[in-house]
Structure formats: C-alpha cells, structure tokens
Amino acid sequence: MSPIPVLPLIINGCMSALGCMATIKLIPAFKDHFIGARLYGMDLNKTTKNQVPESQGVISGTVFLIISFCFIPVPFLSCFVGEQCQGFPHNEFVQFIGALLAICCMIFLGFADDVLNLRWRHKLLLPTMASLPLLMVYFTNFGNTVIVVPKPFRVLLGMHLDLGILYYVYMGMLAVFCTNAINILAGINGIESGQALFISGSIIIFNFLELNGDYRDDHVFSLYFMIPFFFTTLALFYHNWYPSAVFVGDTFCYFAGMTFAVVGILGHFSKTMLLFFIPQVINFIYSLPQLFHIVPCPRHRLPRLNPDTGKLGMSYSKFKKKDLSQLGQLVVKVAQMLWLLDVRQSPEGDEEFIECNNMTLINLVLKLLGPTHERNLTAIMLLIQVLGSITAFGIRYHLVRLFYDV
C-alpha cells in the first residue's frame, strides 16, 4: 500500500481554496451576462419580482474543471521529476481522466437542459449517457462484478455473488439517481447547493477516516475530486443562500450528482455514499406516486408563499376525482391515514375535485411544523441533511457488523 500523498493533497486544498475565492468573485461578475442571455427567473417565493440569474452551477462547475485540469499532473509528479517512478500508473491516470470526462459531459448536458428546458424523460436519459465513460473505465481498470453477500442472505446465496452485467446496470442507475435526487429536493433558496455541500463534506470526512485503512488509494482518489467540489460549492452556496442572489439551475444538480457517482463508483464505496443520501432517498420514495403520475403531478412542487405572513406553506395539487385511478385512490387514502398527506375534497358544479399537498420532503416538513419562514425552512432541511449524515456514519461504523464481517 502506497503512503499517503500529503503534498498532492495540500496542493489540491490550496488550489481549491483559490477556486472558492474565484467563484465568489465570478458569479456576480457574470450576473448581467446571464440576464442579457435571458437565463434568469423570478423567485416565486418573494413578493418582489427581481430578475435572478439562473444556471450558475455552470460557473462553479467550470472553476471545478479548471482546478481539476491543472491538478492532473500533480499526483504523478514522481514520474515527471526525479527517478522515483517505478513505472507510470496508467490505470490511475485513465481513471482520473475518465472521471473528469463523465463530469464534463454532465455539466454540458445540464447546461443544455437549462437552456432548452428538456422534459423529464430526457433528464433520465442524460445521466445514463454521461455515465458511459465512467462504466468503461470501471470495466477496463477493474471489471469486478462480485459482491459480498450480507450475512442474513448467505444461507441462500453464499458468501459471494457475481452480478455480471447487473452490476453495471446498478452503477448506471446510481448515476441517474444521484443527479435527479438533488434536483427533485429543491424549491427554496440554498437547498440544492446546501445539500450538496453537506454531502460532499460528509464524504470528505469519511475519506479521511479511511486513509489508514486497506483502501487508501481509493479514498485519496475521492479526495482529489471532493475537496475542489466542496470549495466551489461553498462559494455557490454563499450566493445561493437566502435571499438568493442566483439560482444554481439543473446544471449544478447534474454536476453534483455525477461527481458523487464518480467517487462512489471508482472509489468503491457506492453503498456508503448512498447512506449520505438518506434525506434524498426518503424524498424520492415519498415522491414516487407523483413522479410516476399515479397521483397528478404539477410542473412545480415548491412551497407557496403567504404574502400576508411572509411564511411558506404547503403547495397543493388539484385534480378531478374521476381522473384518479384506483391505485391512485388507494395511495391517497393510505397516505392520508398515515398522516403523510393533507387531502381536501370539494364539489365544483357537477364535478368533485381533490386537493392534496405535493409529495416532497419539504412539504412534509411544512405539514408537520406548519407555515415557516423560508430561511428557517432551509436551515431545518439542512439540519435534516446533517442528521442523515450522522445516521450514515452510525450505520457504516456500527450497524454494519450485523450485515458484514468488519
């Protein structure tokens, strides 16, 4: 096992800090350029309707790429300077370049989505296409599709199980989930950049904890990406925090999701990485009836502002009762019984209409707490993200013994 590359990590940290300061300066500098290109929106949860530049994730993503491109030779300096190199590590180099290619593709496709306003079926297709370089790198460098079976299932499946092509399907689906999980937990100032910031911080802590373990090189590889991502996202979060001066756009959600997928897959800790997505997984499961149109889903599911109080309340989806399938009626009834859904029925003329709150974690929190100021709501959502990370570390270092030999 190679020693910890202290110098490359220090250089990476310094470059990332400079990238953070550059991003803080660049975002307001390009504000008028985005507005002039009609890449702006109105904050629906504000009484003042100012033009807010969108797609600012492309700036933080560009700075991230510049840092990463400049950093490419640093991990391999021993092979360029002196005679310490025992042979150029082509596999590690290809892994690094392949990871950057996947992230670069996702930033480009995310920006295309912001400009062209693509449909949801395209949002599922784009991460799949961008993950192909990642899967090819995994195939050529590792190619291992054997997993360790959890203890409760070893009687049936044995100690190890070769998933074959299903493992690549899993990795492709992981990339799709990571990109869209951040995208659907959105709608209030600072939530997209904030959740990505805390997830990346949790991964960085996990990587440092594992540097003395058996898989040091994998976690060093992850740090090379997570440290610049954390700092550039920190700068974006500074401008995206309430009251938001910029919107991050789908570009950032795709960029963040693919970066997490890259380090999770090529760093060989995809299961642990998913643990840091606990709030996103809960939001995804809760949103499934609307995502699959079992229950009608409006285009925007963000909370609604009460201009009189200045607080946000739940947003609702209104539809005719006869348009709801039997499965939809069952889902609404069960969710209402479990206090997960606020349902209102009202006759209008000859038709009977149903109103139910949009099924997002943000609306669920508002259902439990009542109307809340947007700044406080964002803080609560980020606190949930922190609690999710604490739970993830508890599972990874304690409950894991119930399922694996550690």
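Everything numeric here is computed off the predicted structure, so don't read it as measured data.

J.: Sorry if this is basic, but what is going on with the packing of aromatic side chains here?
T.: Here the distance between the centres and the angle between the planes together describe a pair of aromatic rings. All chains considered together, the criterion is met by 25 aromatic pairs. These aromatic residues form a ring-pair network of at least three members: Phe 64, Phe 177, Phe 229, Phe 252, Phe 255, Phe 260, Phe 277 and Phe 284. One residue, Lys 318, lies across the ring of Phe 353, its end atom 5.3 Å from the ring centre. The ring centre of Tyr 316 lies 4.1 Å from the NZ or CZ of Arg 344, which sits over that ring.

J.: Looking at this structure, I do not really get the environment of Ser 244. What am I missing?
T.: Looking at the secondary structure, you find Ser 244 in the loop between helix H11 (216-240) and helix H12 (249-266). Residues Ser 244 and Gln 336, spaced 92 residues apart in sequence, show a C-alpha to C-alpha distance of 34 Å. Discounting chain neighbours no more than four positions away, the residues touching Ser 244 are Val 52, Asn 189 and His 239. In terms of polar contacts, Ser 244 uses its side chain to reach the side chain of Asn 240, at 3.1 Å.

J.: How do you make sense of the nonpolar core when you look at a structure like this?
T.: If you look at the biggest cluster of nonpolar residues, it comprises 73 residues, and the most contacted ones within it are Phe 225, Met 258 and Phe 260. Of all the elements, H12 adds the most residues to this core, at 12 residues. Phe 225 has contacts with Phe 64, Phe 96, Ala 99, Leu 100, Ile 103 and Val 263, leaving out every residue within four places of it along the chain. Residues Val 332, Ile 362, Val 365 and Leu 366 belong to the second largest nonpolar core, which totals 26 residues.

J.: Would you mind going over unusual backbone geometry with me for this structure?
T.: Glycine aside, negative phi is the norm for most residues, and most peptide bonds take the trans geometry. With an omega of -10°, the peptide bond running from Tyr 242 to Pro 243 counts as cis. Within the chain, His 293 stands out as a residue other than glycine whose phi angle is a positive 60°. Mapped onto the elements of the fold, His 293 is located in the loop between helix H14 (278-291) and strand E5 (304-306).

J.: Is there a simple way to think about the pattern of salt bridges in this case?
T.: Any two side chains of opposite charge can pair, given that their charged atoms come close. In the structure shown here, the tally under the stated rule is four salt bridges. Lys 46 serves as the salt-bridge partner of Asp 43, at 2.9 Å between the closest nitrogen and oxygen. Of the two residues examined, Asp 43 and Lys 46, each falls in the buried class. For the salt bridge of Asp 342 with Arg 344, the shortest nitrogen-to-oxygen distance reads 3.8 Å. Since its relative accessible area comes to 24%, Asp 342 is described here as partly exposed.

J.: Help me understand the packing of helix H10 (residues 191-209) against H11, please; the structure alone is not making it clear to me.
T.: How two helices sit against one another is set out by the angle between their axes and by the gap between those axes. The contact between H10 and H11 brings their axes to 8 Å, and the two run at 150°. Viewed along their axes, H10 and H11 adopt a mutual orientation that is roughly antiparallel. Helix-helix and strand crossings are classified by hand; for H10 and H11 the assignment is left-handed. Its residues assigned to classes, the contact of H10 with H11 comprises 14 nonpolar, nine polar and one charged.

Cut-offs used in this document
Residues numbered from 1 in each chain as written. Predicted model: local features only at pLDDT ≥ 70, side-chain atom pairs only at ≥ 80, totals over all residues. Heavy atoms only, no water. Phe/Tyr/Trp six-rings, centres within 6.5 Å; stacked < 30°, edge-to-face > 60°. Lys NZ or Arg CZ within 6 Å of the ring centre and 35° of its normal. Helix = DSSP H or I, 4+ residues; strand = E, 2+ residues; numbered from the N terminus. Contact = heavy atoms within 4.5 Å. Polar contact = N/O pair within 3.5 Å; in protein donor to acceptor, adjacent residues only side chain to side chain. Core = buried A, V, L, I, M, F, W, Y, C linked by side-chain atoms within 4.5 Å. Buried < 20%, exposed > 50% of the residue type's maximum accessible area, 1.4 Å probe, protein only. Salt bridge = Lys/Arg side-chain N within 4 Å of Asp/Glu carboxyl O. Axes fitted to C-alpha atoms, helices over the stretch in contact; angles between N-to-C directions. Parallel < 35°, antiparallel > 145°, perpendicular 65-115°, else oblique. Left-handed = near helix turned anticlockwise from the far one by under 90°. Nonpolar A, V, L, I, M, F, W, Y, C, P; charged D, E, K, R; others polar.

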